[in-house]
Amino acid sequence: MVKKAANARSRSGAKSKPGPEPSQLKSVERLLEEGRYGEAVGRLERLVARFPDHGGLRRLLVEAHEQAGSPQAAAVTAFAWAQRRPNSLPAQQTLLDLAIMAGQLLLADRVAERVRALGEPTRGFPLDEQTVAGLLLQMDGSRSPRADEERFEIGKLHIDGFDFEAAAHWLEGLPQTPARNNRALALFHAVRIEEALAAFEEAWRNDAQNLFALGWCVRLRLFVGDREGARAGGEQLGAGIARRVDDALSQVDALLLLQQDQTAWNAFERARAAAWFDADASPSGAALRHFGACAAARLGKTEKARSVWESAEALQPDLEQAVRNLDRLAPSTGESRYPEIFDLHQCLPLLWLERLKAEPAMMDESLTALGASDDYLYALYLGGSQMLRMAAGMLLQSRVEAGDSGAAERLRDLARMPVGSEEERFGLLRFLEEQSPLSGGQPGELWNHGSVRPVQMIKTEIYREPQDSELPEDLEHLFGEASALFGEQRYEQAEQQLRLVLERAPDHRVALGNLAAVCDSLGRRDEARLLLHRLVDKHPDYLFGRCNLVRSLILAGELDEAARLLPRMEDYERLHVEDLFALMGSVAMLQSARGDEAAARAVLDMLQGVVETEEDARRYGQISRLVEVARTA
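What comes next is a walk through the structure. Please read all numbers here as calculations on a predicted model, not as lab measurements.

Some details on the side chain of H189
Okay, step 1: Mapped onto the elements of the fold, H189 is located in helix α11 (residues 177–189).
Okay, step 2: Each residue touching H189, except ones within four places of it in the same chain, is listed here: F164, H345, L348, P349, L350, L351 and W352.

Quick notes on the environment of V41
Okay, step 1: Position of V41 relative to the elements: it lies in helix α3 (residues 37–50).
Okay, step 2: Taking the C-alpha atoms as reference points, V41 and A64, 23 residues apart in sequence, are found 6.0 Å from one another.
Okay, step 3: Excluding residues within four positions of it along the chain, V41 makes contact with L61, A64 and H65.

Quick look at helix α23 (residues 374–383)
Okay, step 1: Most of α23 is tucked away, with ten of its ten residues classed as buried.
Okay, step 2: All buried positions along α23 are accounted for by D374, D375, Y376, L377, Y378, A379, L380, Y381, L382 and G383.

Looking at helix α24 (residues 386–401)
Okay, step 1: End to end, α24 covers 22 Å across 16 residues, agreeing with the expected 22 Å (1.5 Å per residue, within 8%).
Okay, step 2: When we look at burial in α24, the residues that qualify are L388, R389, A391, A392, G393, L395, L396, R399 and V400.
Okay, step 3: After α24 finishes, the residue G403 shows a positive phi value of roughly 95°.

Some thoughts on the packing of helix α33 (residues 577–593) against helix α34 (residues 597–608)
Okay, step 1: Between α33 and α34, whose axes approach to 8 Å, the crossing angle comes to 160°. With respect to each other, α33 and α34 are oriented roughly antiparallel. Crossing of α33 against α34: the hand is left-handed. On the side of α33, the interface is formed by L580, F581, M584, G585, V587, A588, Q591 and S592, while α34 contributes A599, A600, V603, L604, M606 and L607.
Okay, step 2: Grouping the constituent residues of the contact of α33 with α34 by class yields eleven nonpolar, three polar and no charged.

Procedures and definitions
- Residues numbered from 1 in each chain as written.
- Predicted model: local features only at pLDDT ≥ 70, side-chain atom pairs only at ≥ 80, totals over all residues.
- Heavy atoms only, no water.
- Helix = DSSP H or I, 4+ residues; strand = E, 2+ residues; numbered from the N terminus.
- Contact = heavy atoms within 4.5 Å.
- Buried < 20%, exposed > 50% of the residue type's maximum accessible area, 1.4 Å probe, protein only.
- Expected span 1.5 Å × (residues − 1).
- Axes fitted to C-alpha atoms, helices over the stretch in contact; angles between N-to-C directions.
- Parallel < 35°, antiparallel > 145°, perpendicular 65-115°, else oblique.
- Left-handed = near helix turned anticlockwise from the far one by under 90°.
- Nonpolar A, V, L, I, M, F, W, Y, C, P; charged D, E, K, R; others polar.

Quick look at the structure:
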C-alpha cells in the first residue's frame, strides 16, 4: 500500500507538458469542417508559437495547409515539426510523404533513414546509388556533394512554401548555380532587393552562362533605378545563348521589360532552335512560348504571335494570359501591340504582396516601403496583367500624391497608350486632374477609339445620392409606379399614373418632364414640346427639363434656339450624375447637328470617363444614339 501511495504521489507531482485547451482544439476543428482554412491556419500558427512541442497542433497545421490547397506550405510546416521533434515518428513520416510529393528525393531519403531508425519500414528507400548519382549531377557535368544537394532541396522546399527568409538561410554559401539563383530569388521575394541584386550578380560572375541570373540582374537594376546599368546588362543578355528553358525565360522576360522587343524575339528564335526546346513540355516551356508571342505581337507580327500563343496554349490550356491575348489579337487594332506579358506574382516581391493583403490599414507605409523605381513600375504597367497594372498604378499614384512629377508624367503617358481598358485610362486622367488641374484648362489626352484624343476633364463635383421627389407618400407611390411602367414601355398606363400625380401637384417638375417623355414616346411630339416649354417657364433652373427641351429643339432643326436655351457647364459647381449626362449629352447633340463631329466625340469621351454603374452605361448608350440621330437629322 505504501508503494502505491508513493507512485500516486509521483504521478501527481510530475509536470505535464503544456498544451492548448480542449475548447481551442475544437474551435480549430470546427473552422476546418466549415472550410474556413485561412482562419484555421492563422489560429493554429499562434497556438504552435505558444506550444511548439505539441504534436497534435503541428499535425493539425499540416492538415489545414493541405486542405487549403497549399501542400508547399504543409511541407514547410512538416519540416519545422520534424526539426523540432527528431524522435517523433509521426513528424518524420509526415515530412517523408510531403518531401516525396514535392520531388525532394534526397531530403526524403535522409528522412526515410530517420524513420527506419525509429522502427518503421520505408518502401522505396533507401535510394539506389545510381539514382543518387543522377540527383547529384550538375549542368556542367560535375557532381555536387550530397550534403550540399540536400540543403539545396531544403531551400527549394521553403521557397515553394513562401518561407523566403528560411530559404535564404538554407541556401547561403552553396556553390551550385541553381542554389545561388534560388537564394537570390528568395532574397527578392523577402523584399531584400539590394541583397538580391548583389546575389544575382555574384551568381552570374560565378557562371557566365547563367542567363537566369543575368536576366534578374537587368530586372533589379531597373527596379532600383539604375536605368543605364539595366540597358548595359540588356546588351549582354541579348547576345546570350540559353542552355535551358529557365535561362531563356529570364532572358526574354527581362528584354521585354526593357522594351527591347526585337532583341527579345531574336532570343526566343534562338531558344526555339535549341535541342532542348521541343523536348520541354513543362509550364516553363509554355511560359517561354507566351513571352515569345508577346515579343512578336509588340513587333506587329500578328500571325506569328497567334501561332506561338496557340502552341503555348496547347502545352498549358489554362495559361490565362495566352488565352486573353489570343482573344484580343487583331492586326487592325493598336491594342494588340500591347499584350499582357507579366504577372503580379512574378514581378513584385511575394512577401510584400502578402503584407499588403494582410495589413490593409498599413497600405501607405507598405507602398512607400517597396522602393521600386518609376521606370520599373512604368514597364510593369505597360506589359502587365490587370492585377499587375492595378498594383503598379497604385504605386505610381501614391508617388504623385507625394509630389513625384516623374510618376505623374508616366501616368499621363500611359493614358495616351492602348494599354488596359478605357475606364482605366480615364481613371488615370481623372486622378491626375484631382491632384493637379491641367494647366490653363487645357484638355488631357488619352487613347480612345483607336487614336489619341484630347479630353477636357470635368471639374464640376458630381454626386450620386438619390434625389428627393418632394411628393407626399401616396403620390410618391403613384410616381414610382409611373416610372416603372415607363421603363417597361407601357406608356399609356404610365401616362394615367402621371396625370393622377399632376392633378394634385400640377407644377411638379419631374412629373411634368416625365409626362413630356411619355407623350414623345407615344408620338405626340407637339404636346410633348408644349409640356417642356411649360416646365421650363415654371422651373427655369430645372436642368434636366431644360435639357430635354433643348434635345427636342435640336431634333426639330431649331439649333439656334436650342443653343440659346442650353446651360453652360462652367456655371455649375455641383451636379447630380443624371443632370450631368443630360447637359453634356445635349451639348454633344448640338455639336453633332452642327457638323462638328470631333467636338461631339470629345464630349462623349469625357462622359465615358464618368461611367461607373450599369445605369451610367445605359445613359451613355442612349446619348451616343441621340448624337448619331442628331448628326443625320
